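# Tertiary structure, described
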Amino acid sequence: MRDFGYQRAHDVPGAVALLGADPDARYLGGGTNLVDLMKTGVERPALLVDVRELPLDGIESTDDGGLRIGATVTNSDLAAHPEVRCRYPALAEAVLAGASGQLRNMATVGGNLLQRTRCGYFTDLSKPCNKRTPGSGCSAVRGEHHNHAILGATAHCVAIHPSDMGVALAAFDAVVTYETVDGPGQLPLAEFYLPVGDTPHLETALPPGALITGITLPPAPVAAHSRYRKVRERASYAFAIGSIAGALDVRDGVVHEVRVALGAVASRPWRARAAERALAGGPATAEAFAAAADAELAAAEPLSGNAYKVTLTRNLVVALLTELAEEATR
Ligand SMILES: Cc1cc2nc3c(=O)[nH]c(=O)nc-3n(C[C@H](O)[C@H](O)[C@H](O)COP(=O)(O)OP(=O)(O)OC[C@H]3O[C@@H](n4cnc5c(N)ncnc54)[C@H](O)[C@@H]3O)c2cc1C
Ligand code: SF4
């Protein structure tokens, strides 16, 4: 591991100034991803700016009935918060489905959004990887890719985004707020993660040195009727091979409002807009849910080793929406 400096930031302008002054510096949240990457040599920062003591650890209702979540809120505190559990249950369930209790106690909201892919070649410095070394090639396309992307990928990179939290945030139209030396800014989650294209090393639209200050969830009454489901390869903590955040408002058997976001299928949390369009105003039946899943997955381009994800994801959509529809009629 390269020698590095460490500095604890006590206010937002100070933290942003430190990053602005040193392009080799990185923010340190819980360190549960960054420090691992430093150990393998993928990340080699000269300075870590610890943001955990910044006054960004609050969760509060907004005037319009949404929720503002600070960037240094831990995953554990987020999942346990009564307003989150009551108004956005899929978000609490998604966070609890991720990692272990110890990791969730350390991991922060800002760090979760910016965690890197778990593609094995990304952390194997002996193998080509366009995300780690632009232009070197993608080892996964012809190699091991059983948990890689089926939607929105290109031949330059087929890695998935591993965040569970991000999937629920995508379903609820979260907006990421940040601070830079030039002032504050914000990005809807739909624009926060960049398409893979031929530049998989450029993962987000955040300006260089930007400090994520929090996430704002707009009011979404439908979110109170939401769930998160995750499929993984072992019962103990593990990353998803498929996941879904769904919310459904059914009136007289008709879909009044629906939200669907998918995980472990793309380089970013995947909002299933085609499925939502297919369902809006139609019957809340298992057949309609299956047709909606097919509408979304028509764009899927699986590789030889991950075609199972198409069926798995279709089943997740049907199962979760059916469960939500049944609840709505009780
Ligand atoms: C064994 C294991 C299992 C896991 N399982 C899961 C799982 O099932 N599901 C899941 O979703 N996740 C899982 N994780 C990942 C875990 O959720 C992430 O490591 C964690 O959320 C990252 O948060 P952090 O605060 O520790 O980030 P850090 O490691 O501190 O930082 C990650 C990145 O974010 C940047 N950063 C941090 N805070 C800010 C900020 N405020 N502004 C700008 N940049 C910032 C850092 O510079 C770094 O680039 C697992 C991790 C481990 C080690
Ligand atoms: S899928 Fe992406 S992260 Fe994995 S080897 Fe290919 S370029 Fe690298």
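This text goes with the structure placed above it.
Parameters at a glance
Residues numbered from 1 in each chain as written. Chains lettered and ligands numbered in written order. Predicted model: local features only at pLDDT ≥ 70, side-chain atom pairs only at ≥ 80, totals over all residues. Heavy atoms only, no water. Phe/Tyr/Trp six-rings, centres within 6.5 Å; stacked < 30°, edge-to-face > 60°. Lys NZ or Arg CZ within 6 Å of the ring centre and 35° of its normal. Buried < 20%, exposed > 50% of the residue type's maximum accessible area, 1.4 Å probe, protein only. Helix = DSSP H or I, 4+ residues; strand = E, 2+ residues; numbered from the N terminus. Near = heavy atom within 4 Å. Nonpolar A, V, L, I, M, F, W, Y, C, P; charged D, E, K, R; others polar. Polar contact = N/O pair within 3.5 Å; in protein donor to acceptor, adjacent residues only side chain to side chain.

We now examine the packing of aromatic side chains. Counted by the stated rule, this structure contains 2 aromatic pairs. The ring of Y237 carries the charged tip of R234 above its face, separated from the ring centre by 5.7 Å.

Now for helix 5 (residues 89-96). Of all 8 residues in helix 5, 6 are buried, a share of seventy percent or more. Turning to helix 5, its buried residues are P89, A90, L91, A92, A94 and V95.

Turning our eyes to something else, we now look at the site of ligand 2. Near ligand 2 you find 13 residues, and of these C119, C129, C138, C157 and V158 are the closest. Residues belonging to the shell around ligand 2 are distributed by class as follows: 8 nonpolar, 4 polar and 1 charged.

The next subject is unusual backbone geometry. With a phi angle near 60°, A99 is a residue other than glycine that sits in the positive phi range. Its place among the elements puts A99 in the loop between helix 5 and helix 6 (101-106). Its identity is not glycine, yet D252 carries a phi of approximately 50°, on the positive side. Checked against the element boundaries, D252 lands in the loop between strand 10 (240-251) and strand 11 (254-263). Accessibility expressed as a relative area gives 82% for D252, which makes it exposed.

Taken together, 31 residues sit near ligand 1, with Y27, G31, T32, T108 and D164 positioned nearest. Within the side chain of T108, an N or O atom sits 2.6 Å from an oxygen atom of ligand 1. A distance of 2.7 Å separates a nitrogen atom of ligand 1 from a polar side-chain atom of D164. With 3 residues, helix 7 (residues 109-113) is the largest single contributor of residues to the shell around ligand 1.

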